[in-house]
Every structure is written in C-alpha cells, then in structure tokens.
Amino acid sequence: MLIGRQTCFACRNSCYRVVKGEEPYPVESEWGGPEYESAAALGSLCLVGDLNAVCKANALCNKYTLDTISTGVVVAFAMECYEKGLLTKKDTDGLELTWGNHAAELELIEKIARREGIGDLLAEGVTRAAMKIGRGAEEFALTIKGQELPMHEPRGKKGVGLSYAVSNRGACHLQMIEHDDAWEIPENMVPEVGLVNPVDRLDTSIDKVRIVKAAEDWKSTVDSLTLCMVDSFPSGPTPNVIFGLVNSIT
C-alpha cells in the first residue's frame, strides 16, 4: 500500500508515508499513512490484522484530527469492556466490538469523531469513559494522568516508564529526545547536556534518573526551538552545533 514518501522542506528523512487503499476501504493518499504507533494502536492493540483497514482508520483519525494513539487505545478499551460484558450491543448502538472486528472499529471512529451514541462517551477518553461505565471498567483504563498509554513498552525501557510517570502530560513517548536503548551506546553520550555514562535499558539506578532528566530537558529545548525530533541528536546535529546556530541567530 506504500506508494511513496514525502518530507518537510529540505529534510533528508522523508518520514511521511504515502499510502493508497482500495475497496472495501479506499484510502486517499492526502491523509498520509500510519506510522509505527498508529499501526500498533489501531491494529495490533485491537487485534486488527487487515492493513487496509488500519490505513483507513489512520486516515479517518487524520481527517477528523483525532490522535491515533489515544483513538486506538480507547477502541481497544471498548473492545475489552465488550468482552467482559461491561458494554453490550445496546450500549454500542448495535456494534459488535469483538477483538479484530475492523468494520466495527472504523464505524466506532466515525461515531467518536461525531460524538454520536457510544462515540459521545468514548470521545472523552479512556479515563472518563471508565468512570462513567463503572463496574470495574477502571481496571482496563491504562492511562497516566488521564493520558492513554502509547505503544513503547516501559517494562523494557525503564527510563521511558519513569518519563511516562513524571511527564507533565502523562504517558507520552515524546518527552525524551531518545529512549533507553539509545543511551546504552557510548557514542551517543552528550557531555554538554549531562549525558556521560551509558546505562542499560533495564537499569533503575540514579544514573538512569539523570539520563531521563537530561533527555527530557534536551527534548524540551528541541521543541522550544521548533526543531524536528526525528532529525535531532543523536541522529542529527549535536547540541553544540545547535547552540552555535541559536547564538548566531539571536
């Protein structure tokens, strides 16, 4: 389904995926293609294995300006509540929210965007939906500070888990400039921002805390300068280069 890639002006990465889908779920290329977390949230998390349907779900989210991660998580939450009997067909406007039912997922996204029926409840996100459903639904509300968990597994990246916990906006994989696996590599250390010693991804010592702090501060710097996180250190210019650019401009 991938027919090409696009990019921001003068960028070397070309990370924007262009897809084209055919019937029964036509996908126009203008809405872009799913990135990793979009495919995981709208696909794997809901046990949806139809790539065409996943691309359609991604396109609907982009069309309606819905976050793909939170949308996928709230659909999966609804499917789990349906499986456990906390939601019935009467509650879901007749939708069979069984795992892997991609037709129901697509219709549910439409309802969420338009706040119709069950969509009005789910449009508030997992935390509020669980509170309104009650009867133990909170057990399946995987959120931090009300923010749905993203698709990077914190049990395999302890620093990411800490970042989820202390982030000002809850569970967000975009709070650190890189994740734990990058900070295991000596060549990626950045002394000028306090990153000196490589630390194993499963480490939970004070050294990991320092790395998370420095990586979050550097990400905030990159965001404040409106730079792209994909092309920032360690994959792009080093902090000293960026400091030089900022000093020259200001």
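Remember, it's a predicted structure, so these values are computed and weren't measured experimentally.

## Section: the overall build of the protein chain
If you tally the helices and strands in the protein chain, you get nine helices and four strands. When the elements of the protein chain are put in sequence order from the N terminus, they spell out β-β-α-α-α-α-α-α-β-β-α-α-α. Dimensions of the protein chain along its principal axes, counting C-alpha atoms only, are 60 × 40 × 30 Å. Residue burial in the protein chain is summarised as follows: out of 250 residues, 42% are buried. Pairs at least 24 residues apart make up 49% of the contacts formed inside the protein chain by residues separated by at least 6 positions. Accessible area of the protein chain: about 12,900 Å², with a carbon and sulfur share of 54%.

## Observations regarding the side chain of D180
Summarising the element assignment, D180 is placed in the loop between α7 (158-166) and α8 (206-224). With relative accessibility at 1%, the residue D180 sits in the buried group. Of the polar contacts made by the side chain of D180, one reaches the backbone nitrogen of K158; its length is 3.5 Å. Looking at D180, its side chain comes within polar contact range of the main-chain nitrogen of V160, at 3.0 Å. Sequence-distant contacts of D180, defined by excluding residues within four places in its chain, comprise K157, K158, G159, V160, V199, R201 and K208.

## A few points about helix α2 (residues 51-64)
Its 14 residues place the ends of α2 20 Å apart at the C-alpha level, agreeing with the 20 Å of an ideal helix rising 1.5 Å per residue. For α2, the set of buried residues is N52, A53, V54, C55, A57, N58, A59, L60, C61 and Y64. Buried residues in α2 make contact with β2 (16-19), α1 (36-42), α3 (68-83) and α4 (102-114). The N-terminus of α2 is capped by D50, whose side-chain oxygen sits 2.9 Å from the backbone nitrogen of N52. In the segment just after α2, T65 is the residue with positive phi, at about 55°.

## A short note on a nonpolar patch on the surface
Together, V241, L245 and I249 line one region of the surface with nonpolar side chains, adding up to about 320 Å² of accessible area. By secondary structure assignment, the location of V241 is in helix α9 (residues 239-249). Given a relative accessible area of 44%, V241 falls into the partly exposed group.

## Details of the packing of α2 against α4
Between α2 and α4, the least distance of the axes is 10 Å, while the angle of their chain directions is 5°. Taken as axis vectors, α2 and α4 run roughly parallel relative to one another. Along its contact with α2, which presents A53, K56, A57, L60, C61 and Y64, the element α4 presents H102, E105, L106, I109, E110, A113 and R114. The class makeup of the residues in the contact of α2 with α4 is eight nonpolar, one polar and four charged.

## Re the layout of surface pockets
The volume enclosed by the largest pocket comes to roughly 870 Å³. In terms of lining, the largest pocket is formed by 32 residues, of which the most central are E35, H173, L174, M229 and V230. For the lining of the largest pocket, the elements supplying multiple residues, two or more each, are β2, α1, α2 and α3. Tallying contributions element by element places α1 first for the lining of the largest pocket, with three residues. Grouping the amino acids of the lining of the largest pocket by side-chain chemistry returns twelve nonpolar, 13 polar and seven charged. By volume, the second largest pocket is sized at about 320 Å³. Forming the walls of the second largest pocket are 16 residues, and the residues nearest its centre are L45, L142, L149, P150 and M151. Counting residues per element, the lining of the second largest pocket draws most heavily on α3, which supplies four residues. Across the lining of the second largest pocket, the residue classes tally to twelve nonpolar, one polar and three charged.

## Thoughts on the side chain of T92
You can see T92 is positioned in the loop between α3 and α4. Not counting residues up to four positions away in its chain, the partners in contact with T92 are Y82, L87, L97 and I118.

So, how was this worked out
Every chain's residues receive numbers from 1 upward, in the order its sequence appears when written. Per-residue local features of the predicted model are confined to residues with pLDDT of at least 70, and side-chain atom pairs are confined, for both listing and counting, to 80 or more; whole-chain, interface and lining totals are unaffected and use all residues. Working from all heavy atoms in the structure, the side-chain values ignore hydrogens and water. In DSSP terms, a helix is any run of H or I states spanning at least four residues, a strand is any run of E spanning at least two, and both are numbered starting from the N terminus. Buried residues are those whose accessible area, probed at 1.4 Å on protein chains only, stays under 20% of the maximum for their type, while exposed residues exceed 50% and partly exposed ones sit between those limits. Whether two residues are in contact is decided by their heavy atoms, any of which lying within 4.5 Å being enough. Each accessible area value is a Shrake-Rupley result obtained with a 1.4 Å probe; residue values ignore everything except the protein chains displayed when judging cover. Here a polar contact is recorded for every N or O atom pair within 3.5 Å, except that within protein the pair must consist of a potential hydrogen donor and a potential acceptor, and residues adjacent in sequence are included only if both atoms are side-chain atoms. Each residue after the first adds 1.5 Å to the expected span of a helix. Two distance rules govern patches: like charges are joined within 9 Å, and nonpolar side chains (Val, Leu, Ile, Met, Phe, Trp, Tyr) within 5 Å, applied only to residues with over 30% relative accessible area and no salt bridge. Salt bridge criterion: a side-chain nitrogen from Lys or Arg within 4 Å of a carboxyl oxygen from Asp or Glu. Axis definition: a line fit to C-alpha positions, over the contact stretch in the case of helices; interaxial angles, taken between N-to-C directions, run 0 to 180 degrees. The labels follow the angle: roughly parallel below 35 degrees, roughly antiparallel above 145, roughly perpendicular from 65 to 115, and oblique for the rest. Only Asp, Glu, Lys and Arg are considered charged in this grouping, and only Ala, Val, Leu, Ile, Met, Phe, Trp, Tyr, Cys and Pro are considered nonpolar; every other residue, Gly among them, is considered polar. Grid spacing is 1 Å over the protein atoms alone, the probe is 1.4 Å, and a cavity is where that probe fits but cannot get out, while a pocket is an open set with protein on both sides within 12 Å along at least five of seven lines and lining residues have an atom within 4 Å of a point. Grid points are joined across faces, edges and corners, and a volume is the space filled by probe spheres set on the points.

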